[in-house]
Amino acid sequence: MTENIQKDYQKAIIEMAVEAWRFRRVFNKAMSKLEAGESSRYIGQFNWFIKKVESALKTAGMRIVDVEGQPYDIGMALSPLNIDDFDADDQLYVEQMIEPIIMDDNNVMKTGTAMLGRIEK
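Reading guide: rules and limits
- By convention here, each chain's residues receive numbers from 1 onward along its written sequence.
- At least 70 in pLDDT is required for a residue's local features to be given in this predicted model, at least 80 for side-chain atom pairs to be given and counted, and no such filter applies to totals for whole chains, interfaces and linings, which use all residues.
- Where side-chain values are given, they derive from all heavy atoms of the structure, hydrogens and water being excluded.
- Here, a salt bridge means any side-chain nitrogen of Lys or Arg that lies within 4 Å of a carboxyl oxygen of Asp or Glu.
- Under the DSSP-based scheme used, a helix requires at least four consecutive residues in state H or I and a strand at least two consecutive residues in state E, with every element numbered from the N terminus.
- Only protein chains enter the calculation, and the probe is 1.4 Å; a residue is then buried if its accessible area is under 20% of its type maximum, exposed if over 50%, and partly exposed in between.
- By nonpolar core we mean a set of buried residues, namely Ala, Val, Leu, Ile, Met, Phe, Trp, Tyr and Cys, connected to one another through side-chain atoms within 4.5 Å.
- Should any heavy atoms of two residues lie within 4.5 Å, those residues are considered in contact.
- The span expected for a helix works out to 1.5 Å for each residue beyond the first.
- Two strands make a pair as long as DSSP finds a minimum of two bridges between them.
- Interaxial angles span 0 to 180 degrees and are taken between N-to-C directions of axes, which are lines fitted to C-alpha atoms, for helices over the stretch in contact.

> Which residues make up the pattern of salt bridges, and what values do they have?
Taken as a whole and judged by the stated rule, the model has 6 salt bridges. When the shortest N-O distance is used, the salt bridge between Glu-3 and Lys-7 registers 3.5 Å. Highlighted residues: Glu-3 and Lys-7, both in helix 1 (residues 3-31), separated by 4 residues, approximately one helical turn. Overall, Lys-7 belongs to the partly exposed group, its relative accessible area being 48%. Its salt-bridge partner being Arg-22, residue Glu-19 comes within 3.3 Å of it at the nearest N-O pair. Here the residue Glu-19 and the residue Arg-22 both occupy positions in helix 1, the gap between them amounting to 3 residues, near one helical turn.

> Account for the environment of Leu-116, naming residues and giving values.
Along the chain, Leu-116 falls in strand 6 (residues 112-118). Look at Leu-116 and you get buried, because its relative accessible area is 1%. In this structure, the C-alpha to C-alpha distance between Leu-116 and Asn-82, residues 34 residues apart in sequence, is 6.5 Å.

> Before we move on, can you summarise the nonpolar core with the specific residues and values?
Judged by nonpolar contacts, the single largest core of 14 residues is most densely connected at Val-67, Tyr-72, Leu-78, Val-94, Met-97 and Ile-101. Among residues more than four places away in sequence, those in contact with Val-94 are Val-67, Glu-68, Gly-69, Gln-70, Tyr-72, Met-76, Leu-78, Ala-114, Met-115 and Leu-116. Within the second largest apolar cluster, 12 residues are counted, among which are Ile-14, Ala-17, Leu-57 and Ile-102.

> For helix 1, give the residues involved together with the corresponding values.
For an α-helix, 3.6 residues make a turn, and residues three or four places apart therefore share a direction. With 29 residues, helix 1 extends 41 Å between its outermost C-alpha atoms, agreeing within 8% with the 42 Å of an ideal straight helix rising 1.5 Å per residue. The secondary structure elements touched by the buried residues of helix 1 are helix 2 (36-59), strand 1 (63-65), strand 3 (92-99), strand 4 (101-103) and strand 5 (108-110).

> Which residues make up the sheet that holds strand 3, and what values do they have?
Spatially, 2-6-3 is the arrangement adopted by the 3 strands of the open sheet, whose pairing is mixed. Where the open sheet ends on each side, the last strands, each with one partner, are strand 2 (78-80) and strand 3. Going from strand to strand, the sheet's axes swing by 40° on average, the running direction of each strand aside. Here strand 3 pairs with strand 6 via 6 bridges, running antiparallel. Opposite Leu-92, over in strand 6, you have Arg-118 as the bridge partner.

> Account for the environment of Glu-120, naming residues and giving values.
Relative to the helices and strands, Glu-120 resides in the segment after strand 6. In this structure Glu-120 comes out as exposed when scored by relative accessible area, which is 63%.

What follows is the structure, encoded as structure tokens:
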């Protein structure tokens, strides 16, 4: 397989994984509006789908990295959308991941996008 074709496949897999990851938020919001008994079957099917996406990533040598809830570090492989809302001495954490970080064994394949929050003292 030529290098360009392999990169195209990697890019396609990454795009599918990111969209599936983003859809999870919409899906979870929709499921929260249903009764517990009614939503359980759909949640099971969706979890199966996400496992298949993660399996495809693993086969391609990649994985999703979600740093939501962790203290923010400027060296993280993500672009904070609201960094200008904070002072330089504020302690921050990753409040919400908008898009995940995708990595292979040693490299960042796609940087994530996130909203930050201030750690209250």
